[in-house]
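What follows is each chain in one-letter form.
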Amino acid sequence: MSEAPTLEQLDALEREALAALQQVENSEALHAWRARYFGAKRTEGALEQLMKRIGSLPPEQRPAFGRRANAVKQTLIAAYEQREAHVKTAEMQAALQANALDVTLPGRPIAVGRLHPSTLTLRRIIQIFTRMGFEVYRSPEVETDEMNFTLLNMPPDHPARDMWDTFYTTTPGVILRTHTSPGQIRVMRERSKNGPQPLRVILPGMVYRYEQVTARSESQFNQVEGLVIGRRITMADLKGVFVEFARQMFGSAGQIRFRASYFPFTEPSVEVDVYLGTETERARMLTKGTGWLEIAGAGMVHPTVLRNGGYDPEEWSGFAFGMGPERQAMRLYGINDIRYFWQNDLRFLEQF
Ligand code: FA5
């Protein structure tokens, strides 16, 4: 038979349990406390253990012990619930503080990339020509001397080769193209035998010249070559296309003019100027005081070039042009020095 429990033991248990509860600061400790005094799945609590021994008390003492044990149980339950509420609130507050989100903080600005003014201008030019029914072709930047000159009616030692100061490579006969015109030969050869006629293509891309760099001339710049070949193409078609192009590119104020010129691969040849005026210092400088800025060379495709491309000049005629997008970007965006284009100065690039 077990030893009889005493009221003092109940008092002691109550004191100990309440004191222990005051130390409880988190859910884990709260759980442990509960298991210790009220029991868990497989273990008896301290209070239960005392109550079980009630049978070893003389019967007349049992009611008093039972009442006191019940009172202790109620006190502990009430104290537990109070502590539980306190612990839960404290834990929630800690969690909120740890994950605090200040919605009034300003956002981090996202650096926005921009398109280069040359790209912007090229896209505009391409859009205008594709709307007029032109296809876009690409041709290599590293070219043969033959494509760049000979097949364009400039055999070796032809004086007109001097119009383009050339970057040569260490491979004989291989150069950096000085203009996009060799693309004319490549497209004609591909399309003269098969493919839909009339031919209407543009060829955008970089060209390279061993040239003195100035405010209006770079040693590397873009060109957009244009080529139209059909059965009855005339100079009037060339003028019509350019007038429409200028209207769309520069608006109704975009005045252009044609000047007689010379290129070995076109006959007759012209140069096309856009009007900048002489009002501002910048306009005077860009136009050398004339008010007009040259944006393209053009003309009727020379019979020899048609033949080199596989077209019979008795049957076919066409016009071609080569324009400079950077010169047009200068007109569009009011840029007064072509050297800004490739300097990669963010103060310049961020304006577009
Ligand atoms: C040519 O390159 C000829 N291939 C154009 C052509 C094509 C004529 C087809 C007839 C038929 P030119 O060297 O003039 O021509 O250059 C054409 C355009 O490129 C010029 O009008 C100008 O807008 C631009 N350009 C020429 N040199 C420079 C330079 N150094 N920097 C920037 N743009 C230039």
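The rules behind the values
- Residues numbered from 1 in each chain as written.
- Predicted model: local features only at pLDDT ≥ 70, side-chain atom pairs only at ≥ 80, totals over all residues.
- Heavy atoms only, no water.
- Helix = DSSP H or I, 4+ residues; strand = E, 2+ residues; numbered from the N terminus.
- Contact = heavy atoms within 4.5 Å.
- Axes fitted to C-alpha atoms, helices over the stretch in contact; angles between N-to-C directions.
- Parallel < 35°, antiparallel > 145°, perpendicular 65-115°, else oblique.
- Nonpolar A, V, L, I, M, F, W, Y, C, P; charged D, E, K, R; others polar.
- Expected span 1.5 Å × (residues − 1).
- Buried < 20%, exposed > 50% of the residue type's maximum accessible area, 1.4 Å probe, protein only.
- Arc of directions from axis to C-beta.
- Lys, Arg positive; Asp, Glu negative; His and termini not counted.
- Salt bridge = Lys/Arg side-chain N within 4 Å of Asp/Glu carboxyl O.
- 1 Å grid on protein atoms, 1.4 Å probe; cavity = no way out; pocket = protein on both sides within 12 Å on 5 of 7 lines; lining within 4 Å.
- Points joined across faces, edges and corners; volume = space filled by probe spheres on them.
- Phe/Tyr/Trp six-rings, centres within 6.5 Å; stacked < 30°, edge-to-face > 60°.
- Lys NZ or Arg CZ within 6 Å of the ring centre and 35° of its normal.

A. Molecular detail of the environment of V270. Relative to the elements of secondary structure, V270 occurs in strand β7 (residues 266–275). Residues V270 and R257 lie 13 residues apart in sequence; the distance between their C-alpha atoms is 9.6 Å. If sequence neighbours within four positions are ignored, V270 has contacts with M235, L238, F258, R259, A260, S261, F263, A296, G297, A298 and G299.

B. Highlighting the packing of helix α2 (residues 27–38) against helix α4 (residues 62–98). Packing of α2 against α4 leaves a shortest axis separation of 10 Å and a crossing angle of 170 degrees. Classed by the angle they form, the pair α2 and α4 counts as roughly antiparallel. Taking contact as the criterion, the partners of S27, L30, W33, R34 and F38 in α2 are, on α4, K73, L76, I77, Y80, R83, E84, V87, K88 and E91. Its residues placed into classes, the contact of α2 with α4 shows seven nonpolar, one polar and six charged.

C. Geometry of helix α5 (residues 117–131). Between its terminal C-alpha atoms α5 stretches 21 Å, which fits the 21 Å expected from 15 residues at 1.5 Å a residue. Within the span of α5, buried status applies to P117, S118, T121, L122, I125, I128 and F129. Projected onto a plane normal to the axis of α5, the buried residues spread over an arc of 130 degrees and lie on a single side. For α5, exposure combined with an orientation more than 90 degrees from the buried face picks out R123 and R131. Where α5 is buried, its residues touch β4 (199–208), β5 (220–230), α8 (235–250), β9 (317–323), α11 (325–333) and α12 (346–349).

D. View of the side chain of T287. As for its placement among the helices and strands, T287 is situated in the loop between α9 (281–286) and β8 (292–301). Accessibility expressed as a relative area gives 2% for T287, which makes it buried. Leave out the neighbours within four places in its chain, and T287 touches R216, L276, G277, W292 and L293.

E. Focus on unusual backbone geometry. The omega angle of the peptide bond from Q197 to P198 is -5 degrees, so this bond is cis rather than trans. Tracing the sequence through the fold places P198 in the loop between α7 (182–191) and β4. Residue P268 is reached from E267 by a cis peptide bond, and omega for that bond is -5 degrees. Here P268 is to be found in strand β7. At N153, a position not held by glycine, the phi torsion is positive, near 75 degrees. Along the polypeptide, N153 turns up in the loop between α6 (145–148) and β3 (174–176).

F. View of the side chain of R216. Examined against the element boundaries, R216 turns out to sit in the loop between β4 and β5. It is E294 that comes nearest to the buried, bridge-free R216 among opposite-charge side chains, at 5.3 Å. Residues within four places of R216 in sequence aside, it is in contact with L286, T287, K288, L293, R327 and I338.

G. Spatial organisation of the layout of surface pockets. Counted as a void, the largest pocket has a volume near 600 Å³. If you go around the largest pocket, you meet 32 residues; those closest to its centre are W164, R209, F221, Q223 and E294. Mapped onto the lining of the largest pocket, the elements with two or more residues apiece are β5, β7, β8, β9 and α11. If you tally residues by element for the lining of the largest pocket, the top one is β8, at six residues. Considered class by class, the residues forming the lining of the largest pocket number twelve nonpolar, eleven polar and nine charged.

H. Highlighting the environment of M249. Mapped onto the elements of the fold, M249 is located in helix α8. Spatially, the C-alpha atom of M249 lies 8.8 Å from that of Q328, the residues being 79 residues apart in sequence. Excluding residues that lie within four positions of it along the chain, M249 makes contacts with T121, R124, I125, I128, Q328 and L332.

I. Just helix α1 (residues 7–23), in detail. In a regular helix each residue adds 1.5 Å, so 17 residues correspond to 24 Å; α1 covers 25 Å between its end C-alpha atoms and thus fits that length. Of all the positions in α1, only L10, L13, E14, A17 and L21 are classed as buried. Down the axis of α1, the buried set is contained in an arc of 100 degrees. They therefore lie on one face. The exposed set on the far side of α1, more than 90 degrees from its buried face, consists of E8, R15, Q22 and Q23. Elements that come into contact with the buried residues of α1 comprise α2, α3 (46–52) and α4.

J. Geometry of the packing of aromatic side chains. Under the defined criterion, the tally for this structure stands at 19 aromatic pairs. Judged by centre distance (5.1 Å) and plane angle (70 degrees), the rings of F129 and F134 are edge-to-face. Each member of the pair, F129 as well as F134, carries the same accessibility label: buried. A centroid spacing of 5.0 Å and a plane angle of 15 degrees characterise the contact between F129 and F245, whose relative ring orientation is stacked. One end of the pair, F129, is in helix α5; the other, F245, is in helix α8, with 116 residues separating them in the sequence. By relative accessible area, which is 1% here, F245 ends up buried. When the ring centre of W316 is taken as reference, the NZ or CZ atom of R231 above it lies at 4.2 Å.

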